Amino acid sequence: MALPAQWVAAQTAPAAVRGAPDNPMQISWEVRNRFRLFREERDFLLHAENAQGRSILASEQALELQSDGRGWARNMMSRLCIDLAGRVSEPCTRDKIRESYLAPVDHPVTVRLTGEIPVGATCAWSFDDGEGPQQSTFDCAEPVNLRARYGRSTVAAVEVSSGPDAPQRVTTEIRVRDIFIAGLGDSIASGEGNPDRPIALSEEGFCFRSYLGTAGAQYYRPSRAGYKGGRACEAPDTLQVWQRQSALWLNSACHRSLYSYQTRTALALAVQYPHIAVTYLPLACTGATIADGLFGAQRARECPPTKSASACQGTVSAQLAELREAVGAAKRRQPDRQLDLILLSIGANDINFSGLVADVIVDTKTERALFRRTGVIASLDDSRAALARDLPQGFNKLREALKPLVGDLSRVVYVSYANPALSNGGAPCPGGRAGFDIHPSFNADPQRLANVVGYVQNEFLPQLKALAQCQSGVLCRDPAADRMTFVESHQAAFANHGFCARSEADPQFDRECFSPKGESFDPDIVNSASQPMLCGRSAGEYRPYLPRTRWIRDANDSYFAAMTYPQGLPSSMQSADIHDATWGVLSAVYGGAVHPSAEGHAVMADAALPAAAAVLRLDAAERNVTRGEPLAPAGAAQQ
C-alpha cells in the first residue's frame, strides 16, 4: 500500500535531521485515505501531496496544469463510495476492505516512531483497544499499519531496544475522530458549471434553429466529439444517440460535482488534519429552492445516459428527507453517531436569480417576449418581493428543520454567494456579447446588468447574512442557538474575477478564439457547418480546467464544458428535437453559465475551511500526549 509522501520522507530523512538532540522519540500516527468518499488511497494522496504548503486555490491550479486542463476528477467516477445516481454504497470496498460508509467500525491508521532513533534499533509494538494488546516487533524504521476502532481509544506503546542500552518505552493514545458532513443547497453548492468529465467537442458544426425563424434562420455551433448522427437541422436524430457523448457528473440529475466548494472543503479538512476521517454526504442540487429541493422534490437537471432507452424519471428527492434517512441509517448501526456539520448555500433560486440573468443576457425581442410568457425572465420587482416575503419565511422553516439534525445551528456553515459580475476591484462588468455569443440572441445589456449587480450587492447578499445570523430585524426564536456560521470572506476576492475578467495569462485558446467583441463564431451557414470557430481552431482544444482570470463561467464556457440537454424541464419547455431553438438557448446556459469555475469553488472552500475547522474545534482539540520513559531502574534519566 502506498504511503503519504511525508511518511516516506520520514523513513529516508538524513540522520542529522532525525537525530537532532532536541528531537526526542515519539509515536506519530495518521489516518490513511481519510476522505472516505474515495475508494482508493491514490485519489486522496493526489490531493494531499498537492496541498502541502498551498491554499485550496493554489492546489486546484496546480492540479489543473497537471491534467492539461482536462480536470483531476475525470477518471475518479468509478472509484467513489457514492454512485452516479446518488446512492451510497453500503458496504463500500475501500482499499480492498469492506466498510460501512455511513457508520464505520474502524479506520486504517499508520503508526511510526519518529525523533532521535538509535541506528539499527528494534521496536516491540503493542496496541490495546480494550480487548487485549496486539503485539509485533519490527525494525524501528518501519511503519506499522493497523485498524483503530471507531469511538474507542487505542493505547499504542513501543519498547525501543538498541545494543547494550536499556530499552526505552514510548506510549501514546490513538483515537480517530470520524466527522460526518453533509452538503445541502442549490447549484452553487452542487458545483454546477464543472462537470467531473467535461464534454468533448469536435471542430465540426451542429445546427440549431432560431425562434419563429424561416427555414434559413439557423446557426451552427461546435458539435459533440464522437457524435455520428445528423448535424444539419434537416437531419434530426434521437436523444439517445446524442446523449452517448454527454458530460459526466458525480450526479447528473443534480449536476453535482467533485469540484464544488462543499466537496473541496470536506476534502481539505481531511487533508489538513491527520487524526480525523471525513464521511461526506453530498446532497446539493442545481435548481433547488428551500421549498422545492430542500423540503420537497424538484426537477432533475438532466438524466444520465444509459444503455437502455428508458424514460427520464425527471425528479430528485428532497434533500432534507435524504439526509434524515442517511442519519437514521447511521444511528441504527451506531446509536451515538451524530451529524457534525452541514455546509449550506441556498436562496438564489428562491428569488429567481436565474430569471434575472435571463433578463440581462437575452436581448432580441422575439426571445424576450417568449421567455417572459413562460416565466423564464424575471424582473427586479418580482425578485425583491420574493426577497422580502418568501425567503424569510422559507429560512425560518429551514432553521427549524435543521435543528433536530445538528442541534446548535452554528454547526450549519452557510457559505454566501459571490457577486458574479464584478471586475477591476468591484466595478460592474461592462456588458456586451463577449463570453455570451454562443447564442445569437444573447447580449449582456449594460444597464440591466448594472441594476442586477447593485441589487445583488446591496440588497440580496446583506439580507442573506441577516437571515443566517438573526440580524437586522430578522426574528429568531433563540438567537444564541439559531445563528448559523456565516462565510463571506471570499466575496472580496471575486471582485476582480467576474465573468468579464480577462488577461494575457488566460489560456491561449480563450484569447484567440473567444472574441472580446462577441464575434467568435462564423455566421456563414455554409462555412460554419464544417468550421464554426472564426479563429480556425478546433473547439476540442478548449480546456475547462485551466487557470483563468475569470472565476465565473460565462455562457461560452457553459456550452464548451457541459452543453447540457435539459431533460428535467417542464414539458412546455422541452425541446421538440435536438436541433430546435429551445435546446439552442438552454444548451448555452444549463451547464453552468454565471456559476463559479473550479477555481472559484476553490476560493470559496478556502473561505469555508477555517470556519468549518473552528466549528468542529479541530485546532483547539487536545493534542495526543506522547510519553517517553526508559525501562531502566527507577531514577534513571529520562530520554
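Let me sum up the structure you'll find in this document. (Residues numbered from 1 in each chain as written. Predicted model: local features only at pLDDT ≥ 70, side-chain atom pairs only at ≥ 80, totals over all residues. Heavy atoms only, no water.)

Digging into the environment of Ala427
Turning to its location among the elements, Ala427 is positioned in strand β19 (residues 427-428). Residues Ala427 and Tyr211, 216 residues apart in the sequence, show an inter-C-alpha distance of 34 Å. The residues touching Ala427, leaving out its near neighbours within four places in the chain, are Ala421 and Leu422. (Helix = DSSP H or I, 4+ residues; strand = E, 2+ residues; numbered from the N terminus. Contact = heavy atoms within 4.5 Å.)

Here's the deal with the state of the cysteines
According to the stated counting rule, one finds seven disulfides in the structure shown. Between Cys470 and Cys476 runs a disulfide, and the two sulfur atoms are separated by 2.0 Å. Here the disulfide of Cys470 and Cys476 is left-handed, its torsion about the S-S bond being about -95°. With respect to class, Cys470 is no different from Cys476; both count as buried. Residue Cys513 pairs covalently with Cys535 via a disulfide, S to S 2.1 Å. Because the torsion about its S-S bond is 85°, the bridge between Cys513 and Cys535 counts as right-handed. One end of the pair, Cys513, is in helix α15 (residues 508-513); the other, Cys535, is in the loop between α16 (527-530) and α17 (555-561), with 22 residues separating them in the sequence. Classification of Cys513 as buried rests on a relative accessible area of 2%. (Disulfide = S-S within 2.5 Å. Buried < 20%, exposed > 50% of the residue type's maximum accessible area, 1.4 Å probe, protein only.)

A look at unusual backbone geometry
Following Glu90, the chain continues to Pro91 via a peptide bond in cis, the omega torsion being 0°. Positionally, Pro91 belongs in the loop between α4 (56-66) and β2 (92-94). The backbone of Asp68 sits at a positive phi, close to 55°, despite the residue not being glycine. Take Asp68: its relative accessible area is 41%, and that puts it in the partly exposed class. In this structure, Val594 is a non-glycine residue whose phi angle is positive, near 60°. Residue position: Val594 is located in the loop between α18 (581-589) and α19 (598-616).

Let's talk about the packing of aromatic side chains
Aromatic ring pairs are described here by two measures, namely the spacing of the ring centres and the angle between the planes. Considering all chains together, one arrives at 27 aromatic pairs under this definition. Relative to Trp583, the ring of Phe208 lies with its centre 6.0 Å away and its plane at 70°, an arrangement referred to as edge-to-face. Of this pair, Phe208 sits in strand β11 (residues 201-209) while Trp583 sits in helix α18, and the two are 375 residues apart along the sequence. Relative to Phe486, the ring of Tyr414 lies with its centre 5.8 Å away and its plane at 5°, an arrangement referred to as stacked. A residue pair is termed long-range when its members are at least 10 positions apart, and Tyr414 in strand β17 (residues 412-415) and Phe486 in strand β20 (residues 485-487) qualify at 72 residues. Both residues of the pair, Tyr414 and Phe486, count as buried. (Phe/Tyr/Trp six-rings, centres within 6.5 Å; stacked < 30°, edge-to-face > 60°.)

Description of the sheet that holds strand β10 (residues 177-185)
Backbone hydrogen bonds are what pair the strands of a sheet, in a parallel or an antiparallel way. Reading across from one edge, β13-β10-β16-β17-β20 is the order of the five strands in this open sheet, with parallel pairing throughout. Of all strands in the sheet, those bounded by a partner on one side alone are β13 (276-282) and β20. Strand-to-strand twist in this sheet, taken as the mean axis angle between neighbours without regard to direction, amounts to 20°. With five bridges joining them, β10 and strand β16 (residues 341-345) adopt parallel strand pairing. Paired with Ile181 across the two strands is Leu341, which belongs to β16. Contacts from helix α7 (residues 261-272) reach β10, β13, β16 and β17 within the one sheet, and its direction differs from that of β13 by about 170°. (Pairing = 2+ DSSP bridges. Axes fitted to C-alpha atoms, helices over the stretch in contact; angles between N-to-C directions.)

Regarding the side chain of Gln298
Considering the arrangement of structural elements, one finds Gln298 in strand β14 (residues 298-299). A distance of 2.8 Å separates a polar side-chain atom of Gln298 from the backbone oxygen of Thr286. Setting aside chain neighbours within four positions, we find Gln298 in contact with Cys285, Thr286, Gly287, Ala288, Asp292, Gly293, Gly314, Thr315, Val316 and Gln319. (Polar contact = N/O pair within 3.5 Å; in protein donor to acceptor, adjacent residues only side chain to side chain.)

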